[in-house]
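Results of the structural survey
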Amino acid sequence: MSQASIFVEDWLCYNTNLGEGAYGEVKLLLHRKTKEKIACKMIDHDKYKDASLHINREVMIHKFLDHENIIKYYGRRQEPAKEYIFLEYASGGELFQMIEPDIGMPSSEAQKFMKQLMNGIKYLHGKGIAHRDIKPENLLIGADGKLKISDFGMATLFRFKGKERLLDKKCGTKPYLAPEVLQRPYYAQPADIWSCGIVLVAMLTGELPWADTTNGNEEFIKWKNEEYLCDTPWRKLGNTALALSKQILNIDSEKRLTLEQVQKHPWMKFQFGNDDESDVVDSSGEKSAKRWNSMMEAETRQNADTPDVALSQPNLPSSRKPASLVQLLKELNEGGARNGRGAFFSQPAQNADLMTHFAQSTITKENFQDFIKSMTRFYVKSTHERTLECLCNAFEQSHYTWAADASGAVVISTVDLMKNPLVFKVNLLKMDGKVMLDFRLSKGCGLEFKKKFLKLKESLKDIVDNKNI
Ligand code: ATP
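Residues numbered from 1 in each chain as written. Predicted model: local features only at pLDDT ≥ 70, side-chain atom pairs only at ≥ 80, totals over all residues. Heavy atoms only, no water.

The protein appears in an unreviewed UniProt entry as non-specific serine/threonine protein kinase from Brassicogethes aeneus. Checking UniProt for the protein, the heading Sequence similarities (unreviewed entry) contains the comment "Belongs to the protein kinase superfamily. CAMK Ser/Thr protein kinase family. NIM1 subfamily." (UniProt positions renumbered as here; feature names shortened; annotations may be inferred.)

A short note on the site of the ligand
Lining the immediate surroundings of the ligand are 18 residues, of which A22, E88, A90, E94 and D151 lie closest. A22 has a polar backbone atom sitting 2.8 Å from an oxygen atom of the ligand. Contact distances for the ligand include 2.9 Å between an oxygen atom and a side-chain N or O atom of D151. Taking 610 Å² as the accessible area of the ligand by itself, protein coverage stands at 85%. Secondary structure elements with two or more residues in the shell around the ligand: β2 (11-21), β4 (37-44) and β6 (82-88). For the shell around the ligand, the element with the highest residue contribution is β2, accounting for four residues. Split into classes, the residues belonging to the shell around the ligand amount to nine nonpolar, three polar and six charged. Here the shell around the ligand gathers at least three residues from each of two domains, domain 1 (1-89) and domain 2 (95-269). (Near = heavy atom within 4 Å. Polar contact = N/O pair within 3.5 Å; in protein donor to acceptor, adjacent residues only side chain to side chain. Areas by Shrake-Rupley, 256 points an atom, 1.4 Å probe, with all protein chains shown as cover. Helix = DSSP H or I, 4+ residues; strand = E, 2+ residues; numbered from the N terminus. Nonpolar A, V, L, I, M, F, W, Y, C, P; charged D, E, K, R; others polar. Domains from an automatic or database assignment.)

What about the environment of T258?
On the secondary structure map, T258 appears in the loop between α6 (239-248) and α7 (259-264). Assessed through its relative accessible area of 39%, T258 is described here as partly exposed. Sequence separation of T258 and P190 is 68 residues, and the distance between their C-alpha atoms is 6.9 Å. (Buried < 20%, exposed > 50% of the residue type's maximum accessible area, 1.4 Å probe, protein only.)

What about helix α14 (residues 384-397)?
The terminal C-alpha atoms of α14 lie 20 Å apart, and with 14 residues this matches the ideal 20 Å at 1.5 Å per residue to within 8%. When α14 is considered as a whole, its buried residues turn out to be T387, C390, L391, C392, A394 and F395. Residues of α14 that are buried make contact with β14 (377-380), β15 (401-404), β16 (410-415), β17 (421-431), β18 (434-443) and α15 (446-459). A positive phi of about 60 degrees marks H399, the residue just after α14. (Expected span 1.5 Å × (residues − 1). Contact = heavy atoms within 4.5 Å.)

A short note on the state of the cysteines
Two cysteines whose sulfur atoms are joined by a covalent bond form what is called a disulfide. Under the counting rule described, the total for this entry stands at zero disulfides. Residue C390 stays outside any disulfide, its sulfur separated by 9.1 Å from that of C392, the closest cysteine. (Disulfide = S-S within 2.5 Å.)

With respect to the side chain of E180
Counting through the fold element by element, E180 comes out in helix α3 (residues 179-183). A distance of 2.8 Å separates polar atoms of two side chains, one belonging to E180 and the other to R256.

Here's the deal with the sheet that holds strand β7 (residues 93-94)
If you walk across this open sheet you meet the three strands as β7-β9-β10, and the pairing is antiparallel. Each edge of the open sheet carries a strand with a single partner, namely β7 and β10 (147-149). Both β7 and strand β9 (residues 139-141) contribute to a ladder of two bridges, which runs antiparallel. Counterpart to E94 in the pairing with β9 is L140. (Pairing = 2+ DSSP bridges.)

Quick notes on the packing of aromatic side chains
In total, this model carries 18 aromatic pairs according to the counting rule given. For the ring pair W194 and F220, a centre distance of 6.5 Å and an interplane angle of 70 degrees mean the geometry is edge-to-face. Note that W194 is positioned in helix α4 (residues 188-205) and F220 in helix α5 (residues 218-224), a separation of 26 residues in sequence. The exposure classification of W194 matches that of F220, with both residues buried. Ring pairing ties together the aromatic residues F96, F378, F395, Y400, W402, F424, F439, F449 and F453, which thus form one cluster. Seen from the ring of Y379, K434 lies directly overhead, with NZ or CZ sitting 5.9 Å from the centre. (Phe/Tyr/Trp six-rings, centres within 6.5 Å; stacked < 30°, edge-to-face > 60°. Lys NZ or Arg CZ within 6 Å of the ring centre and 35° of its normal.)

Re the sheet that holds β14
Taken in spatial order, the five strands make up an open sheet running β14-β18-β17-β16-β15, and their pairing is antiparallel. Every interior strand has two partners, whereas the edge strands, β14 and β15, have only one. Taken over all neighbouring pairs, the strand axes of this sheet differ in orientation by 25 degrees on average, direction set aside. In this sheet, β18 lies alongside β14 in antiparallel orientation, the contact comprising four bridges. Note on β18: the bridge partner recorded for V380 is V435. The strands touched by α14 are β14, β15, β16, β17 and β18; relative to β17, the strand with the most contacts, the crossing angle is about 165 degrees. (Axes fitted to C-alpha atoms, helices over the stretch in contact; angles between N-to-C directions.)

Below, the structure is given as structure tokens:
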């Protein structure tokens, strides 16, 4: 994160990833003069031989979309071995970062995000497109604080020239999959709505109700048989939120609420005040909003010394690409044509060259502000070496497998409660003489990652710097 290199004239590429996808890294590009920021998915075709097909499908769909609740697609550049996809930069991070494990978030926030999610899905469905992998990890928060649907890798066209087709591909992420998706064929729209219902439950309770919707899943069977009321997460929901969840998570897809019905539901219209805890009470009886607010306050304090990332980004009209990006794409294409070998980088020419051109600048609060807001980072009052030692002890206590990667980050591989792989990374950053630990999810469930992050933070409590949260 401390380092940036020249990507192409006037555009700097930060060394540290914004995130990691199935086929490569996502990096932040910053325009030196205008300070515009864009995200760039870097796809490594040598490493992932099947990436092409997947990426082509994703781009085919994404490039036609233009809505305030959908991450904007700006363009792509293809090379034989590498590919670059330019996207609107979501500086607010991922939705799962805003969900406190086992707590959720205040109803007013959940309602706001649910409305925005419905708006984005309505636009998609209106265009005949189903997303098929709605989950908090694929819902990003933009510079404007609005939810943005991202990752169109599983999206498909279900309606063409007014004719709708049934879908028969089993795809998505198990805890978010509607039961009919496992049986197939299925209608596209109700299946997406179901996934949105699971997101709603996650936002309001900080939990996922089940690992999958098979008949072997005890929690799901209880739901089916309506024997769930005393169980978590349902008992954490207020009556109206529970009623809405029941109608969205209706096993019968034909009786499930339609998107328009969800939008008209009383919970979606309820005016939550500032003191909106009444609808969300956690298992211990503690008002969840209070804990969430204190968590948000801590996050605000963390960013207090630096100008808000969101504010430093120019407010772009929804359908316009940043002017400097238009220039960037032009230059890249001209550069490729000029040197006749399809090279992406006009300056320097190759990715390998790029890697040797890092400006060795130390991290400062000025460049740190470019990065996404995150609730999974904290300062320590300890040296780099001692922090590493404490981290390793904590990993061993938790029986995590870990190793250092090429960039110097520590990669932790484990499994979640549902025994699915969970991979995350820790970067130790020196910032103004202090050490900061920045945890990022690489693969797996965001909520489980946050739980593990909180446990690790607790086991490092002796060195956590609470004054500098
Ligand atoms: P997968 O299929 O494994 O979910 P993917 O290859 O489709 O991954 P994305 O999910 O799109 O990749 O991106 C991976 C991560 O990179 C995201 O979870 C997010 O943290 C980060 N990221 C992606 N796009 C953006 C963006 N536009 N702005 C900020 N961060 C982003």
